[in-house]
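# An overview of the molecular structure
This is what each chain is made of:
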Amino acid sequence: MTTQTDCAPEPYPGTSTDLPALRRQLTVLQGGKVTSVHVPSESEGRFALLLALTYRRSNGRNGLAYRWLTVGSPVWRLDLTGPGEPVVAAASGDAVPRLAADLRVLVGREITDVRITEPGWDTRIEFGDHRLTVFPTTYHTPDSGPDWVLRLPSRRQLGIGPGARWEARG
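In short, a report on the structure.

Time to look at the environment of His-38. Looking at where His-38 falls in the secondary structure, it is placed in strand S1 (residues 33-38). Along the sequence, His-38 and Trp-68 sit 30 residues apart, while their C-alpha atoms lie 9.6 Å from each other. Not counting residues within four places of it along the chain, the set of residues in contact with His-38 comprises Phe-47, Ala-48 and Trp-68.

Below is the structure:
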């Protein structure tokens with residue numbers, strides 16, 4: 001007796017799991033500077049950072065673009081790092097007024113490193129003595145949005161997540 005099964009459809013058409021390609025896309029964040037923080041009044045832990053990003057134009061000159069990095073994941077943490085163990089400075093469960101105040105510490109800070117760890121695709125963005133970690137969502141529905149989104153200087157939009165996948169649009 002033989003049986004035939006159809007291949008399961010890709011749950012998120014157009015997405016990629018190519019982590020090295022995503023890391024190449026994210027190099028534009030290196031040296032980016034936080035110029036503003038936006039926390040919606042009904043944020044449920046969501047927020048956005050306005051970044052000043054330098055990039056290479058097609059004519060070979062450097063350009064400056066202001067782009068939003070939007071964190072939509074329900075689980076993230078901002079740690080103050082230093083000589084001892086990291087200390088939580090803010091987290092996704094904090095109340096909105098406190099959250100907005102705690103995230104303002106990032107204004108004026110430069111991104112010194114960006115890492116996506118395997119296998120879980122935790123994203124770590126370092127700002128000198130602060131580290132933002134975005135944990136990918138584990139429960140996915142057809143309506144699940146990305147865990148975080150970055151509009152690139154090229155105006156393309158990167159959506160990272162849910163889970164270990166990403167997509168470039170635009």
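Our focus in this paragraph is the sheet that holds strand S7 (residues 123-127). Spatially, five strands are ordered S5-S4-S8-S7-S6 in an open sheet, and the strand pairing comes out antiparallel. On the outer flanks of this sheet lie strand S5 (87-91) and strand S6 (113-116), each paired with one strand and no other. Each neighbouring strand pair of the sheet contributes to a mean axis angle of 20°, computed without reference to strand direction. Bridge count for S7 against strand S8 (residues 130-134) is five bridges, and the pairing is antiparallel. Note that in S8 the partner of Phe-127 across the bridge is His-130. Packing of helix H2 (residues 96-103) onto the sheet brings it into contact with strand S4 (76-80) and S5, and relative to S5 it is tilted by some 125°.

Moving on, we come to the pairing of strand S3 (residues 62-71). Burial along S3 is one-sided: Gly-63, Ala-65, Arg-67, Leu-69 and Val-71 are buried, while Asn-62, Leu-64, Tyr-66, Trp-68 and Thr-70, pointing the other way, are not. Where strand S2 (residues 47-56) lies against S3, ten bridges are found, and the strand directions are antiparallel. For Thr-54, the partnering residue across the bridge sits in S3 and is Leu-64. With antiparallel pairing between neighbouring strands as the criterion, S2 and S3 make up a hairpin whose turn holds five residues, including Gly-60 at a positive phi of roughly 90°.

Where H2 is concerned, the buried positions are Leu-99, Ala-100, Asp-102 and Leu-103. Across the axial projection of H2, the buried residues extend over an arc of 170°, all falling on one side. In this structure, the buried side of H2 is in contact with S1, S2, S4 and S5.

Moving on, we come to the pattern of salt bridges. Tallied over the full model, the rule gives eight salt bridges. Here Glu-167 ties to Arg-169 by a salt bridge, and the two come within 3.3 Å at their closest N and O atoms. Because the salt bridges share partners, they merge into one network encompassing Arg-77, Asp-79 and Arg-131.

The next point concerns the side chain of His-130. Tracing the sequence through the fold places His-130 in strand S8. Reaching out from His-130, the side chain makes a polar contact with the side chain of Asp-129 at a distance of 2.9 Å.

Turning next to unusual backbone geometry. Backbone torsion omega between Glu-118 and Pro-119 reads 0°, so that peptide bond is classified as cis. Of note, Pro-119 is situated in the loop between S6 and S7. Note the cis peptide between Gly-161 and Pro-162, where omega equals 0°. With respect to the helices, strands and loops of the structure, Pro-162 is situated in the loop between strand S10 (157-160) and strand S11 (166-169).

So, on to the side chain of Asp-147. Topologically, Asp-147 is positioned in the loop between S8 and strand S9 (148-151). Within the buried set, Asp-147 has no salt-bridge partner at all; the shortest N-O distance to an opposite charge, 7.9 Å, is to Arg-46. Beyond its immediate chain neighbours, meaning those up to four positions away, Asp-147 contacts Thr-70, Val-71, Gly-72, Ser-73, Val-134, Pro-136, Thr-137, Ile-160, Gly-161, Pro-162 and Gly-163.

Calculation criteria
Residues numbered from 1 in each chain as written. Predicted model: local features only at pLDDT ≥ 70, side-chain atom pairs only at ≥ 80, totals over all residues. Heavy atoms only, no water. Helix = DSSP H or I, 4+ residues; strand = E, 2+ residues; numbered from the N terminus. Contact = heavy atoms within 4.5 Å. Pairing = 2+ DSSP bridges. Axes fitted to C-alpha atoms, helices over the stretch in contact; angles between N-to-C directions. Buried < 20%, exposed > 50% of the residue type's maximum accessible area, 1.4 Å probe, protein only. Arc of directions from axis to C-beta. Salt bridge = Lys/Arg side-chain N within 4 Å of Asp/Glu carboxyl O. Polar contact = N/O pair within 3.5 Å; in protein donor to acceptor, adjacent residues only side chain to side chain. Lys, Arg positive; Asp, Glu negative; His and termini not counted.

Limitation: the analysis is restricted to geometry and does not speak to function.
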